[in-house]
Amino acid sequence: GESVGLHLPTLSVQEGDNSIINCAYSNSASDYFIWYKQESGKGPQFIIDIRSNMDKRQGQRVTVLLNKTVKHLSLQIAATQPGDSAVYFCAERQAGNQFYFGTGTSLTVIP
Amino acid sequence: DAGITQSPRHKVTETGTPVTLRCHQTENHRYMYWYRQDPGHGLRLIHYSYGVKDTDKGEVSDGYSVSRSKTEDFLLTLESATSSQTSVYFCAISEQRSSYEQYFGPGTRLTVT
């Protein structure tokens, strides 16, 4: 999951297994959340978003769950593939148009 | 990919010199952002713009200035670069109608020696 510190949390999964990446956000007033994927040497890429009035949202092979009680987000990736290897960030929208990003989790898919 | 380019892609400069990074978009999006990315900190907002000549500070704006004279261009200037500004800089754009999704550019790696 997400953490503050110098070392990126890591997650290794076997190809075909499901992955769960966690994120703790900071502000209970945040009203919108995004998950991004960042491959090495590239900019972050949008995966899925969720508004604070929802608990769950599904996309293609991905599901985001939001637990506002404990300020926790998770990203579930079904049938993980080698192309899913990347760093995953959550971002929360706070006041105005500013987003605050987590430090990221590095996902490695083992063939 | 959204039409966002950043220039230069890589730059090495000396402490005390001015540096300008450019972000160019072809999507006509209203919002543009500058972030820096450092190990252990994730992405942090430096400045953003919500229209031509309309800008605001982000979380880590000290030592940086921005300008947006045209919809398509957003410039980030380090007036006097310091080693602490060594980082990877990302530009992002957003329309913020049905979604707040931001589209990111490829990044600029800046090294201040």
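As the structure is a prediction and not an experimental result, all values here were calculated from the model.

Undergrad: What is the right way to look at the overall build of chain A in this model?
TA: Regarding its fold elements, chain A presents zero helices and 10 strands. Seen in sequence order, chain A has helices and strands lined up from the N terminus as β-β-β-β-β-β-β-β-β-β. In terms of C-alpha radius of gyration, chain A reaches 13 Å, essentially the compact-globule figure of 13 Å for 111 residues. Based on the C-alpha atoms only, the size of chain A along its principal axes is roughly 40 × 30 × 25 Å. Across the 111 residues in chain A, those meeting the buried criterion constitute 45%. Intrachain contacts of chain A at a sequence separation of at least 6 include 53% that bridge at least 24 residues. Just so you have it, chain A exposes about 5500 Å², and 48% of that area is on carbon and sulfur atoms. Each charge sign in chain A was given a centre, from 9 positive and 9 negative side chains, and these centres are 6 Å apart.

Undergrad: I keep staring at the pattern of salt bridges and nothing clicks. Help me out?
TA: Opposite charge on two side chains lets them pair, provided their charged atoms get close. All names here are of chain B. The tally for this structure, following the rule as stated, stands at 10 salt bridges over all chains. Two residues, arginine 22 and aspartate 73, come together in a salt bridge whose shortest N-O distance is 3.1 Å. Residue arginine 22 is located in strand β3 (residues 19-25), and its partner aspartate 73 is located in strand β8 (residues 73-78); the two are separated by 51 residues in the primary sequence. Using a relative accessible area of 33% as the deciding quantity, one classes arginine 22 as partly exposed.

Undergrad: How should the interface of chain A and chain B be read in this particular structure?
TA: Many descriptions give the size of an interface as the accessible area lost when the pieces come together. Taken residue by residue, the interface counts 22 residues in chain A and 25 residues in chain B. Around 1800 Å² of area is buried between chain A and chain B when both sides are counted, 52% of it from carbon and sulfur atoms. Of all residues in chain A, Asn97, Gln98 and Phe101 of chain A bury the most surface against chain B, accounting for 30% of the area lost on that side. There are zero salt bridges connecting chain A and chain B. Taken together, chain A and chain B are joined by four residue pairs in polar contact (both at pLDDT 80 or more). Here the residues of the side of chain A that touches chain B are counted per class, giving 10 nonpolar, eight polar and four charged.

About the thresholds
- For every chain, the first residue of the written sequence is number 1, and numbering continues from 1 along that sequence.
- Each chain takes a letter, starting from A, and each ligand takes a number, starting from 1, following the order in which they are written.
- It should be noted that, the model being predicted, local features are given only for residues of pLDDT at least 70 and side-chain atom pairs only at 80 or more, the latter also being counted only at that level, while totals for whole chains, interfaces and linings use all residues.
- Think of the side-chain values as coming from all heavy atoms in the structure, minus any hydrogens and water.
- Secondary structure follows DSSP: runs of H or I at least 4 residues long count as helices, runs of E at least 2 residues long count as strands, and numbering of each begins at the N terminus.
- With the radius of gyration taken over C-alpha atoms, the globule rule is written as 2.2 Å times the number of residues to the power 0.38.
- Burial classes follow relative accessibility: with a 1.4 Å probe on protein chains only, a residue under 20% of its type's maximum area counts as buried, one over 50% as exposed, and anything between as partly exposed.
- Only heavy atoms enter the contact rule, under which two residues are in contact if any of them lie within 4.5 Å.
- Only the protein chains shown count as cover for residues, and all accessible areas are computed by the Shrake-Rupley method using a 1.4 Å probe.
- Lys and Arg are tallied as positive, Asp and Glu as negative. Neither His nor the chain termini are counted.
- Here the site of a charge means NZ on Lys, CZ on Arg, CG on Asp, or CD on Glu.
- One side-chain nitrogen of Lys or Arg within 4 Å of one carboxyl oxygen of Asp or Glu is enough to make a salt bridge.
- Accessible-area loss on putting two parts together, using a 1.4 Å probe and summing over both, is the definition of buried area adopted here.
- The term polar contact refers here to a pair of N or O atoms within 3.5 Å; inside protein, the definition further demands a hydrogen-donor-capable atom paired with an acceptor-capable atom, and it admits residues adjacent in sequence only when both atoms are side-chain atoms.
- When residue character is reported, Ala, Val, Leu, Ile, Met, Phe, Trp, Tyr, Cys and Pro are called nonpolar, Asp, Glu, Lys and Arg charged, and the others, Gly included, polar.

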